[in-house]
Amino acid sequence: MEKDAEGFYAPAPAEASSSTPPPPPAAELTTAKTEVTVTEATTDLIKSTFDVSVTLADQQANPTSPLHSVKTFEELGLHQDLLKGIYDMGFSKPSKIQERALPLLLANPPQNMIGQSQSGTGKTAAFVLTMLSRVDFSLNKPQAICLAPSRELARQIMSVVVAMGKFTPVQTEYAIKDNLPRGTTNVTAHIIVGTPGTMTDLIRRKVIDVSEVKVFVLDEADNMLDQDGLGEQTLRVKNMLPRSHPVQIILFSATFPDNVRNFANKFAPNANKIELKRNELSVTNIRQFYMDCKSEEHKYDVLVSLYHLLVIGQSIIFCQHRHTADRISQRMTAEGHKVASLHGAKDAQERDTIIDRFREGKEKVLITTNVIARGIDILQVNMVVNYDLPLLNERDHGNRNDVRPDIETYIHRIGRTGRFGRKGISVNFVHDKRTWSQMEQIEQATGKHIVRIQTTDLDTMEEQMKKALK
Ligand SMILES: Nc1ncnc2c1ncn2[C@@H]1O[C@H](COP(=O)(O)OP(=O)(O)OP(=O)(O)O)[C@@H](O)[C@H]1O
């Protein structure tokens, strides 16, 4: 098999199992309103999530908004059955990325695409509609393959394929760990969504026949092409695709750091490109704060003092390591708080149950690692806490004080809130000179001011947070 000259080395991808599909995607914007027990102090916050949904039309009319578009879905050349699916999901107008990308993605002969647009602006619909548009439903063979970095994201993408394809005869299958029943020899589904390790394995064992594949999508493409991460596995999948006919390669992400851009250009040659400027990377509807904690231990106390704010909508707490996520969730649970934790060391079934419960609002606070930093779309999440700031691989740095922040992961983490124009807030915990300097680097790189909130003054903190969500 021909191989690219790039020298990769890759740890195993984060993934796991089970075939149960996640709950369907939220159908309407008003679902951003969460069901909570309303107390005086929380009323404004709840109201604000409702207000946001009402202003979507204004945002889509504003040419500077990433949600803006001049066209309608009808003008984008989609099949009638897909239009029905889109409207059934509660979408009324395309977003900017959908409006710009879809005509290019659907044109014939097919052309590759490298598409960038801020988190929560509707990239999934753009590539899902392309896959669905290109499938010949009378041929029972895999024709479109989509890879994502985590099983949680693969399951979410699949729920969009199923919802948008509701009025088509599309058949789908996962390529995620432990999903296919033992002894499956031949997958006949049209669209396969999975993680790169399992996809490679199934194609290699000829369980998935790729001879008719005509669309290959990488969601979170910069992550999927990362040469210190999933890049090698992703490349393996690409190298197994047919050469007898052109395969349309589609790369999407909110971030494309310079070090992967070159590789992306080789991976998807002659691609149409939609790019963001550096200062456009994160959306303006996410207000960013930081809290100056006294010590690592104090971070825990501050998190606990925030608990009543965390459960107003839903919130995600990001830690750098699995053991930190476990430790703080066990401690909080022991102290009577209701929190869930999710990371890559849990088994597949458990991961599915935890994310599904969170998606359904049965859990309000999710303590996790970078495993769900990317792509996860849960509209009710109005707060993200960076308990630990995201860092580039510590092992690559001799001096611990030099560890640099992982700007891309930061952008993706805070993007778990503020979905499709909703308001959201993010809070970074800093507790010493090193973390302070890391946060300054984030501020500089993103060009967005991060506002201080006093850890001692809970009332002011609550006030500021409510204002941000209004
Ligand atoms: N045209 C539309 N009208 C209304 N809602 C939409 C539209 N397009 C997408 N959405 C909704 O917006 C939310 C965010 O979309 P999506 O998850 O595709 O974002 P994304 O750009 O892939 O974000 P990320 O970079 O975080 O992966 C989803 O809940 C989706 O259903």
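None of these values were measured; they are calculated from a predicted model.

What counts as what
- Residues numbered from 1 in each chain as written.
- Predicted model: local features only at pLDDT ≥ 70, side-chain atom pairs only at ≥ 80, totals over all residues.
- Heavy atoms only, no water.
- Near = heavy atom within 4 Å.
- Polar contact = N/O pair within 3.5 Å; in protein donor to acceptor, adjacent residues only side chain to side chain.
- Pairing = 2+ DSSP bridges.
- Helix = DSSP H or I, 4+ residues; strand = E, 2+ residues; numbered from the N terminus.
- Axes fitted to C-alpha atoms, helices over the stretch in contact; angles between N-to-C directions.
- Contact = heavy atoms within 4.5 Å.
- Buried < 20%, exposed > 50% of the residue type's maximum accessible area, 1.4 Å probe, protein only.
- Salt bridge = Lys/Arg side-chain N within 4 Å of Asp/Glu carboxyl O.
- UniProt positions renumbered as here; feature names shortened; annotations may be inferred.

Taken together, 21 residues form the shell around the ligand, and within it Lys-93, Lys-123, Thr-124, Asp-377 and Arg-419 come nearest. A distance of 3.1 Å is found between an oxygen atom of the ligand and a backbone nitrogen or oxygen belonging to Gly-122. One of the side-chain N or O atoms of Thr-124 is found 2.7 Å from an oxygen atom in the ligand.

This brings us to the sheet that holds strand β6 (residues 248-253). Taken in spatial order, the 7 strands of this open sheet run β3-β4-β2-β5-β6-β1-β7, and their pairing is parallel. Each edge of the open sheet carries a strand with a single partner, namely β3 (172-175) and β7 (272-274). On average, each strand axis in the sheet is tilted by 15 degrees relative to the strand beside it, whichever way the strands run. Pairing analysis gives 3 bridges linking strand β1 (residues 113-116) to β7, with the strands arranged parallel. Along β7, the bridge assignment pairs Met-113 with Asn-272. Sitting on the sheet, helix α7 (residues 196-204) is in contact with β2 (144-147), β3 and β4 (191-194), with an inclination near 145 degrees to β2.

To continue, consider the pairing of β1. Of the two faces of β1, the one lined by Met-113 and Gly-115 and the one lined by Ile-114 and Gln-116 are each fully buried. Where β1 and β6 come together, 4 bridges link them in parallel fashion. In the strand pairing of β6, Gln-116 is matched with Ser-253.

Scanning the entire structure with this criterion turns up 21 salt bridges. For Glu-220, the salt bridge goes to Arg-374, with nearest N and O atoms at 3.0 Å. Residue Glu-220 is found in the loop between β5 (215-219) and α8 (221-224), and its partner Arg-374 is found in the loop between β11 (365-368) and β12 (381-386); the two are separated by 154 residues along the sequence. On the accessibility criterion, Arg-374 (11% relative accessible area) is buried. Among the charged side chains, a salt-bridge network with shared partners connects Arg-151, Arg-155, Asp-352 and Asp-356.

Residues annotated by UniProt as "domain: Helicase ATP-binding" (unreviewed entry) correspond here to residues 104-274. Secondary structure content for residues 104-274 is 36% helix and 18% strand, and the end C-alpha separation is 10 Å.

Here we take up the sheet that holds strand β13 (residues 424-430). Taken together, the 7 strands give an open sheet; going across it, the order is β10-β11-β9-β12-β13-β8-β14, and neighbouring strands pair in parallel fashion. In this open sheet, the two edge strands, each paired with only one partner strand, are β10 (340-342) and β14 (451-453). With direction set aside, neighbouring strand axes in the sheet form an average angle of 25 degrees. Across 5 bridges, the pairing between strand β9 (residues 314-318) and β12 is parallel. Opposite Phe-318, over in β12, you have Asn-386 as the bridge partner. Along the sheet, helix α11 (residues 296-305) makes contact with β8 (286-292), β9, β12 and β13, crossing β13 at roughly 155 degrees.

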